[in-house]
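# Residue-level structure breakdown
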Amino acid sequence: MKIQATTNIGKTKYVFQIEDEDMEALHLAAVLGNAPDYCPLCKNDKFFALDSNKDKEGNVYVNVVCKKCFAKAKLGRYKAKGFFWHKFEKYVPKGTQKDTQDSPPDNPFNDDIPPAEEPSELPF
Ligand SMILES: [Zn+2]
């Protein structure tokens, strides 16, 4: 069985094809369909974009970006399955972040929320 889910983020329409009855993928589509549409930092409620990027380990990170102030809301994943949106975080341009030590980049997720274990299964 194939399920098609659509969501609009900003002016862009995203269509997700989900194979079989994958409840986790269904949940992901539902969460993506409820992407944040209000940025409390600049009161923007209209202009957003979906953004994703890969780190060196191949983990995929999905964000909704506020097109007015570039704040980002990250898509997080619960250990016990399921997805959720982090709150918008203020955009800090690269080079202005204060690195006190030469440690590897922080895991962009909270410590108790590991990155997706099987990012290749994410529909991006
Ligand atoms: Zn904003």
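Now for a description of the structure that goes with this document.

Definitions and cut-offs
- Every chain's residues receive numbers from 1 upward, in the order its sequence appears when written.
- It should be noted that, the model being predicted, local features are given only for residues of pLDDT at least 70 and side-chain atom pairs only at 80 or more, the latter also being counted only at that level, while totals for whole chains, interfaces and linings use all residues.
- Strands here are runs of E lasting at least two residues and helices are runs of H or I lasting at least four, both read from the DSSP assignment and numbered beginning at the N terminus.
- Buried, partly exposed and exposed are defined by the number of other C-beta atoms within 10 Å of a residue's own C-beta, namely 20 or more, between the two limits, and 12 or fewer respectively, with C-beta atoms placed from the backbone.
- Throughout, a residue-residue contact means that the two C-beta atoms, derived from backbone geometry, are no farther apart than 7 Å.
- Should DSSP find at least two bridges between two strands, the strands are regarded as paired.

## What about the overall build of the chain?
Helices and strands together make up the secondary structure of the chain, namely 1 helix and 6 strands. Counting from the amino terminus, helix and strand elements in the chain follow one another as β-β-α-β-β-β-β. The burial tally for the chain puts 16% of its 124 residues in the buried class. Considering only residue pairs separated by 6 or more positions, the chain has 47% of its internal contacts joining residues 24 or more positions apart.

## A look at the pairing of strand β2 (residues 12-19)
In terms of burial, β2 is a largely surface element, 0 of the 8 residues being buried. Adjacent in sequence and paired antiparallel, strand β1 (residues 2-9) and β2 are bridged by 2 residues, among which Gly10 carries a positive phi angle near 60°.

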